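For reference, the chains in residue letters:
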Amino acid sequence: MRWLLRLHDGLTNASFWGATVAVAYLTLVTAWEVFGRYALQAPSDWAPDTAAVSFAMITFLAAPMLTRNTGHARMTFIAEKASPETALWLNRFVLFLGMAACGLCAWYGIAETTRQVTRGVKMIAVTPIPKWVVTGVIAYSLMSMALYFLRHLAATFRSPAR
């Protein structure tokens, strides 16, 4: 089981590097577009389309790392005022809800990605980009986040102080 957890963490590290590459790409393509548009008087067709895809990649390739490191948004003011036992169960409930919501959305995302691949759906833009490129990354991200919520939930049963 430990090797599966290490594999999940390794994939998360790799996807975070992918988000980093997408940030670099977005920076370079935006700079090129500004230069091309204003200095060369020749805007590109592909830059805005690929920049939009890059935004999605940045968000959804980085999200599993945030969930892994419990950097996701949390409203803890109720748990902070509750007794330690109640706070633990509230935390477990929230982790379960996060796992269920991400898992359900990932299931839908996988089904939609499969549909887009089989039908060859492209984004409506100047540059024809397969839509599954983005929805596949979203589905991966949500599935990975669901697994991290599950891992955090399981950890609360091993170590009540967490």
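Each chain has its residues counted from 1, running along the sequence as written. Local features in this predicted model are restricted to residues whose pLDDT is 70 or higher, and side-chain atom pairs enter the listing and the counts only when it is 80 or higher, whereas totals over whole chains, interfaces and linings include all residues. Hydrogens and water molecules were not included; the side-chain quantities draw on all heavy atoms of the structure.

Asker: Quick one: what's the story with the packing of helix α2 (residues 46-68) against helix α5 (residues 132-158), residue by residue and with numbers?
Answerer: The angle between two axes is taken between their N-to-C directions and runs from 0 to 180 degrees, where each axis is a line fitted to C-alpha atoms and a helix contributes only its stretch in contact. The way it works is that DSSP assigns letters per residue, a run of H or I at least four long becomes a helix, a run of E at least two long becomes a strand, and they are numbered from the N terminus. Across the interface, α2 lies against α5 with an axial gap of 8 Å and an inter-helix angle of 10°. Classed by the angle they form, the pair α2 and α5 counts as roughly parallel. Facing α2, whose interface residues are V53, A56, M57, F60, L61, A63, P64, T67 and R68, α5 presents V133, V134, V137, I138, Y140, S141, S144, M145, Y148, F149 and H152. Of the residues in the contact of α2 with α5, the class split is 15 nonpolar, four polar and one charged. Our angle categories are set so that under 35 degrees counts as roughly parallel, over 145 as roughly antiparallel, 65 to 115 as roughly perpendicular, and the remainder as oblique. In this analysis, two residues are considered to be in contact whenever any of their non-hydrogen atoms come within 4.5 Å of each other. As a working rule, the residues Ala, Val, Leu, Ile, Met, Phe, Trp, Tyr, Cys and Pro are called nonpolar, Asp, Glu, Lys and Arg charged, and the rest polar, with Gly in that last group.

Asker: Tell me about unusual backbone geometry, and please be specific about residues and values.
Answerer: Non-glycine residue Q41 carries a positive phi angle of around 55°. In this structure, Q41 sits in the loop between α1 (2-39) and α2. Although it is not a glycine, T70 adopts a positive phi angle of roughly 50°. As for its placement among the helices and strands, T70 is situated in the loop between α2 and α3 (77-81). Here the term buried applies to any residue with accessible area under 20% of the maximum for its type, exposed to any over 50%, and partly exposed to those in between, with areas from a 1.4 Å probe on protein chains only. The exposure class of T70 is partly exposed, given its relative accessible area of 34%.

Asker: I'd like a rundown of the nonpolar core, residues and numbers included.
Answerer: Membership of the largest hydrophobic core comes to 15 residues, with the highest contact counts inside it found for V53, M57 and L61. Where this core is concerned, the elements lending two or more residues are α1, α2 and α5. Looking at which element gives the most residues to this core, the answer is α2, with eight residues. Setting aside chain neighbours within four positions, we find V53 in contact with M123, I129 and V134. What makes a nonpolar core is a set of buried Ala, Val, Leu, Ile, Met, Phe, Trp, Tyr and Cys residues whose side-chain atoms join them at distances within 4.5 Å. Of all hydrophobic cores here, the second largest spans 10 residues; its members include C102, A106, M145 and A146.

Asker: So what about the packing of α1 against α5? Which residues, and what values?
Answerer: Think of two packed helices as two axes; the pair is described by the angle between the axes and how far apart they sit. Orientation of α1 relative to α5, taken along the N-to-C sense of each, is 135°, at an axis distance of 12 Å. In terms of axis orientation, α1 runs oblique to α5. The handedness of the crossing between α1 and α5 comes out as left-handed. Where α1 abuts α5, its residues L5, H8, D9, L11, T12 and S15 lie against Y140, S144, L147, Y148 and R151. In terms of residue class, the contact of α1 with α5 is made up of five nonpolar, four polar and two charged. Here a crossing is called left-handed whenever its near helix is offset anticlockwise from the far helix by less than a right angle, and right-handed whenever the offset is clockwise.

Asker: How would you explain the environment of V21 if you had to name every residue and give the values?
Answerer: Residue placement: V21 occurs in helix α1. When its relative accessible area of 56% is taken as the criterion, V21 is described as exposed. Through-space distance from the C-alpha of V21 to that of P128 is 22 Å; in sequence the pair is 107 residues apart.

Function-wise, these values are silent; they only describe arrangement.
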